[in-house]
Amino acid sequence: MPPSAPASRRVSPWRVLIVDDDAASRKTAAALLSPAGYEMLFASNGEEALAAVFEASPDLLLLDVMMPGLDGLEVCRRLRQPSREDYLPIILLTALDGRREVVLGLEAGADDFLTKPVHGAELRARVANLLKVRSYHQLLTTQRDSAQATVDELRQQILQADRLATLGTFAAGVSHELNNIAQVLRVAVSELPAWPAGVEPEDGADTRQMLSHATQHVTELARTILRMARPQEDATLQADLGRTLGEVRDMLRLTGRARHVRLSLELPETPCVIHASPVHAQQVFLNLLSNAADALSGTVRPEIQAGVRHAPGGRIEAWVQDNGPGMSEEVLARVFEPFFTTKPAGEGTGLGLPVVKQLVESWGGQLHLHSQPGQGTRAVVDIPAVPALATPSASVSRPTP
């Protein structure tokens, strides 16, 4: 009879390798096992048996003891080498009838021992029982591999948590230093002379005002840096994403970060307001635009298009798109992993996009990345708008030279 569960759930039949130097004995054994529906494999000597085990992967070995050359006992010993992980049941068959042969067979590693001539029902029962044992061995192996995979995953999570904990240790010191820098900037900006009345700056932006925005950004960033790994938004704070995108554009121009890129903005005519900290909103755009600018290094006619607009369903959509080299599927699948970066050593922390994703999701939104090699990258942020201001409105394109 065939073995019961879990072996009975097999789709393919069990494979039984019959090894005997006598062709008539091989046919007899196959005939006795045929009612069970096994797939039969055959070998006429020990060397063929070993080759068949490694090439055909049988589920059970029916092995004659007395064979010229490599006998059944030696085949059994070799298959029981510690290097072999898979459990292969072995039943030894012999024409000899004696306790010594049984002991030798069991010492060689056999699971069972039958004396010829073999009774068909007994042979089928012993084969079925050993196949059931093999089935449970396979189940345990699968569970062990699954447990090992879980352990490996947990080990990686622990390593990552340790790195984040190390990062948090430095966060307090970084926050303190940022506060000191912000204080110096605040004093320096307050002492800058104002533009004469009636005189407009050449680039259309007041340097003093931009520096003031940058100083405020550093100040607020210092206050929130300790919460970046797990951002928690204050529901009373609001940010106008159209205005925020314009401010970030001015910051990038002031620092020269995007000097080599043609940056075009599409800004709404009416406010696009969300529940979020303004400094966190700036952080999202700074990361997305900076990443896009970095990706365009070496690109002919580098260009970034970014914008904010009202979307159906009381949503706001913001996007940043570049015409850079794009990303492969393998890289795209890992960009939100903390510390993963494709930038050279010392030029990236691998925390920008993970933090952006956490911030956007803390606003009840989603961040989507679309990229293909040679076709650039488009980052889309979909966020619920403040209900009172979630009114669809036309948008206007404002290219920036």
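What you are looking at is a predicted structure, and each value in this text was computed from that prediction instead of being measured.

## Some details on the overall build of the protein chain
Argument step 1. Looking only at helices and strands, the protein chain has ten helices and 13 strands in total.
Argument step 2. Across the 401 residues in the protein chain, those meeting the buried criterion constitute 40%.
Argument step 3. Contacts spanning at least 24 positions in sequence make up 70% of the contacts within the protein chain whose residues lie at least 6 apart.
Argument step 4. Just so you have it, the protein chain exposes about 22,000 Å², and 55% of that area is on carbon and sulfur atoms.

## Some words on the packing of aromatic side chains
Argument step 1. One pass over the structure, following the stated rule, counts zero aromatic pairs.
Argument step 2. For Arg309, the ring lying beneath its charged end belongs to Trp319, and the centroid distance is 4.4 Å.
Argument step 3. Seen from the ring of Phe336, Lys357 lies directly overhead, with NZ or CZ sitting 5.7 Å from the centre.

## Quick word on the environment of Trp363
Argument step 1. Tracing the backbone through its elements, the reader meets Trp363 in the loop between α10 (352–362) and β11 (366–371).
Argument step 2. The exposure class of Trp363 is buried, given its relative accessible area of 8%.
Argument step 3. C-alpha of Trp363 to C-alpha of His275: the two residues are 88 residues apart in sequence and 6.6 Å apart in space.

## Looking at the pattern of salt bridges
For side chains bearing opposite charge, pairing can occur when the charged atoms are close.
Argument step 1. Inspection of the entire model under this criterion finds 17 salt bridges.
Argument step 2. In this structure, Arg78 engages Glu74 in a salt bridge whose closest nitrogen and oxygen atoms are separated by 3.2 Å. Highlighted residues: Arg78 and Glu74, both in helix α3 (residues 72–79), separated by four residues, approximately one helical turn.
Argument step 3. For Arg78, a relative accessible area of 43% translates into the label partly exposed.
Argument step 4. Judged by its relative accessible area of 26%, Glu74 is partly exposed.
Argument step 5. One salt bridge connects Arg249 with Asp250, and the closest N-O pair in it is separated by 2.8 Å.
Argument step 6. Since its relative accessible area comes to 19%, Asp250 is described here as buried.
Argument step 7. Taken together, the salt bridges that share partners define one network made up of Asp20, Asp64 and Lys116.

## What about the sheet that holds strand β1 (residues 15–19)?
Argument step 1. Here five strands make up an open sheet; going across it, the order is β2-β1-β3-β4-β5 and the pairing parallel. Looking along the sheet, the strands with just one partner apiece sit at the ends: β2 (39–43) and β5 (112–115). Sheet twist, expressed as the mean angle between neighbouring strand axes with direction ignored, is 20°.
Argument step 2. Where β1 and β2 come together, five bridges link them in parallel fashion. The residue of β2 that forms the bridge with Ile18 is Phe42.
Argument step 3. Sheet contacts for α3: β3 (60–64) and β4 (90–94); angle to β3, the most-contacted strand, approximately 150°.

## A short note on unusual backbone geometry
Argument step 1. Following Lys116, the chain continues to Pro117 via a peptide bond in cis, the omega torsion being -5°.
Argument step 2. Located in the positive-phi region is Ser57, a residue other than glycine, with phi close to 50°.
Argument step 3. Relative to the elements of secondary structure, Ser57 occurs in the loop between α2 (46–56) and β3.
Argument step 4. You can call Ser57 partly exposed: its relative accessible area is 45%.
Argument step 5. Even without glycine at this site, Arg301 takes up a positive phi of about 50°.
Argument step 6. Turning to its location among the elements, Arg301 is positioned in the loop between α8 (278–295) and β9 (303–311).

## Brief notes about the nonpolar core
Argument step 1. Grouped together as the largest cluster of nonpolar side chains are 43 residues, with contacts concentrated most on Leu289, Ile304 and Trp363.
Argument step 2. Those elements that provide at least two residues to this core are α7 (241–255), β7 (262–268), α8, β9, β10 (315–322), α10, β11 and β12 (377–384).
Argument step 3. Per element, the largest residue contribution to this core is eight residues, and it comes from α8.
Argument step 4. Ignoring sequence-local partners within four residues, the contact set of Ile304 consists of Val261, Arg262, Leu263, Ser264, Leu289, Ala292, Ala293, Leu296, Val320, Gln321 and Asp322.

## As for the pairing of β11
Argument step 1. Side chains of β11 alternate between two faces, with Leu367, Leu369 and Ser371 buried and Gln366, His368 and His370 left unburied.
Argument step 2. Bridge count between β11 and β12: six bridges; the pairing is antiparallel. By the bridge assignment, His368 is partnered in β12 with Val380.
Argument step 3. Here β11 folds back onto β12 in antiparallel fashion, the turn holding five residues, of which Gly374 has a positive phi close to 85°.

## Brief notes about the side chain of Asp20
Argument step 1. Tracing the chain through its elements places Asp20 in the loop between β1 and α1 (23–33).
Argument step 2. In terms of polar contacts, Asp20 uses its side chain to reach the side chain of Lys116, at 2.8 Å.
Argument step 3. Not counting residues up to four positions away in its chain, the partners in contact with Asp20 are Ser25, Arg26, Ala43, Ser44, Asp64, Met67 and Lys116.

## Quick word on α1
Argument step 1. Taken together, the buried positions of α1 are occupied by Arg26, Ala29, Ala30 and Leu33. Across the axial projection of α1, the buried residues extend over an arc of 100°, all falling on one side.

## Thoughts on the packing of α8 against α10
Argument step 1. In contact at an axis separation of 10 Å, α8 and α10 are set at 140° when each is read in the N-to-C sense. Relative to α10, the element α8 is oriented oblique. Every pair of crossing elements has a handedness; the one defined by α8 and α10 is left-handed. Across the interface between the two elements, His280, Gln283, Val284, Asn287, Leu288 and Asn291 from α8 touch Gly352, Leu353, Val355, Val356, Leu359 and Val360 from α10.
Argument step 2. Along the lines of polarity and charge, the residues of the contact of α8 with α10 split into seven nonpolar, five polar and no charged.

How each quantity is defined
Residues numbered from 1 in each chain as written. Predicted model: local features only at pLDDT ≥ 70, side-chain atom pairs only at ≥ 80, totals over all residues. Heavy atoms only, no water. Helix = DSSP H or I, 4+ residues; strand = E, 2+ residues; numbered from the N terminus. Buried < 20%, exposed > 50% of the residue type's maximum accessible area, 1.4 Å probe, protein only. Contact = heavy atoms within 4.5 Å. Areas by Shrake-Rupley, 256 points an atom, 1.4 Å probe, with all protein chains shown as cover. Phe/Tyr/Trp six-rings, centres within 6.5 Å; stacked < 30°, edge-to-face > 60°. Lys NZ or Arg CZ within 6 Å of the ring centre and 35° of its normal. Salt bridge = Lys/Arg side-chain N within 4 Å of Asp/Glu carboxyl O. Pairing = 2+ DSSP bridges. Axes fitted to C-alpha atoms, helices over the stretch in contact; angles between N-to-C directions. Core = buried A, V, L, I, M, F, W, Y, C linked by side-chain atoms within 4.5 Å. Polar contact = N/O pair within 3.5 Å; in protein donor to acceptor, adjacent residues only side chain to side chain. Arc of directions from axis to C-beta. Parallel < 35°, antiparallel > 145°, perpendicular 65-115°, else oblique. Left-handed = near helix turned anticlockwise from the far one by under 90°. Nonpolar A, V, L, I, M, F, W, Y, C, P; charged D, E, K, R; others polar.

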